[in-house]
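Coordinates in review
The primary structure of each chain is shown beneath.
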Amino acid sequence: MNEPRDLLGDSLPLQGRLLTNESMVSHNSWRAGGKADRFYLPENLEDLCRFLKRLPEEEPLLWLGLGSNLLIRDGGIRGTVLCTLNRLKRLELHEGHVIRVEAGVPCAHVAKFSAEKGLVGAEFLAGIPGTMGGALAMNAGAFGGETWSKVLEVSTVDRRGILRQRTPEAFSVGYRSVKGPEGEWFVGADLQLAEGDVEASRTKIKGLLAQRAATQPTNLPSCGSVFRNPPGDHAARLIEACGLKGYRMGDAQVSEKHANFIVNLGAAKASDIEALMLHVKGTVREVHGVDLVPEVRIVGSATEGASA
Ligand SMILES: Cc1cc2nc3c(=O)[nH]c(=O)nc-3n(C[C@H](O)[C@H](O)[C@H](O)COP(=O)(O)OP(=O)(O)OC[C@H]3O[C@@H](n4cnc5c(N)ncnc54)[C@H](O)[C@@H]3O)c2cc1C
């Protein structure tokens, strides 16, 4: 690990940790992929803003939460990865049943915290293994709940470290899709929940987690659903109907339990996973005439040293 240092060479101290040549394997839920040139763990929001202010304009920047929706190619990431997980970690109850949460808080903590405060509406977040930043970027959802249906306001930051408050009207939000002002990332949100019952929320969370465990391969590294559901259908149904459950390329396998999951059986490379995604997509197109669109985001270089 390197000591925090100033990327631009000015002398004000940064308080976070700057790592170089950081393997991304432990920073994504597929447990695959190459190295990042630079990897920054901010100490807190102020430190993150300071870091951004100093980041050279030409430095490529990738925001990372838990990496539970990312396929990071084997050649790794040129530029800087900015990791918010457990770094932007404030989680507070405010008046009017509002939860104020920073981007690096795991969704499961938000669900549990809200339930314990006697608030309902955030239970669906319990089984989403990502951060609130990732959930805002993806409009993550499950069991009928969607992140943006709870958003009262978000806080964003730009490349110069300038913070802004924005209401949902500034964003175009759809199924696993969020488009907002260019060059801004999420640093937090206010979620509007409703008064409820602690025990009822706890029971609901337990039920949702049990349902997940019964239907998803939660014991193996994956990125959840690989493809979006096409309108009026389910990607898993289409893939299963092609007989692809269990199909394997290297250590990447279409899950036997849930056909829209690709699991890493141990030593899958990102290239195995990507090749399997292409195979699944091609087969579904051939058999059903449906063009599946990936839900996971593919980032990085296929070969080391190449640009992203
Ligand atoms: C077992 C399993 C089950 C899953 N189940 C579900 C499910 O039920 N529903 C669902 O919607 N998803 C599900 N997912 C996918 C994933 O958990 C969600 O998409 C989650 O919201 C991703 O959050 P993350 O912090 O891991 O984001 P990352 O994977 O780190 O990033 C995802 C994208 O968001 C961007 N991003 C990250 N943080 C920020 C930020 N602060 N500001 C702006 N952009 C940012 C990244 O650059 C990247 O493009 C599942 C995944 C797994 C492994």
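Scroll up to find the structure.
Residues numbered from 1 in each chain as written. Predicted model: local features only at pLDDT ≥ 70, side-chain atom pairs only at ≥ 80, totals over all residues. Heavy atoms only, no water.

The next thing to look at is the sheet that holds strand β11 (residues 151-158). One open sheet holds the 5 strands; their spatial order is β6-β7-β15-β11-β12, and the pairing between them is antiparallel. Pairing within the sheet leaves two strands with one partner each, and these edge strands are β6 (91-94) and β12 (163-166). This sheet shows a mean twist of 20° between the axes of neighbouring strands, independent of strand direction. Bridge count for β6 against strand β7 (residues 98-102) is 4 bridges, and the pairing is antiparallel. Bridge pairing in β7 links Glu92 to Arg100. Packed onto the sheet, helix α1 (residues 45-54) meets β7, β11, β12 and β15 (184-192) and runs at close to 40° relative to β11. Lying on the sheet, helix α2 (residues 107-116) is in contact with β6, β7 and β15; it crosses β6 at an angle near 35°. (Pairing = 2+ DSSP bridges. Helix = DSSP H or I, 4+ residues; strand = E, 2+ residues; numbered from the N terminus. Axes fitted to C-alpha atoms, helices over the stretch in contact; angles between N-to-C directions. Contact = heavy atoms within 4.5 Å.)

Contacts to the ligand come from 33 residues, most closely from Trp63, Gly65, Ser68, Thr131 and Gly141. Note that an oxygen atom of the ligand is positioned 3.4 Å from one of the backbone N or O atoms of Ala135. Relative to its unbound accessible area of 980 Å², the ligand is 92% covered by the protein chains. Elements with a minimum of two residues in the shell around the ligand: β3 (61-64), α3 (132-138), β9 (141-142) and β15. (Near = heavy atom within 4 Å. Polar contact = N/O pair within 3.5 Å; in protein donor to acceptor, adjacent residues only side chain to side chain. Areas by Shrake-Rupley, 256 points an atom, 1.4 Å probe, with all protein chains shown as cover.)

Considered as a void within the structure, the second largest pocket measures approximately 300 Å³ in volume. Leu45, Arg100, Glu102, Ser155 and Gly188 are the residues nearest the centre of the second largest pocket, which is lined by 17 residues in total. Those elements giving two or more residues to the lining of the second largest pocket turn out to be α1, β7, β11, β12 and β15. With 4 residues, the top contributor of residues to the lining of the second largest pocket is β15. For the lining of the second largest pocket, the residue count by class is 6 nonpolar, 4 polar and 7 charged. (1 Å grid on protein atoms, 1.4 Å probe; cavity = no way out; pocket = protein on both sides within 12 Å on 5 of 7 lines; lining within 4 Å. Points joined across faces, edges and corners; volume = space filled by probe spheres on them. Nonpolar A, V, L, I, M, F, W, Y, C, P; charged D, E, K, R; others polar.)

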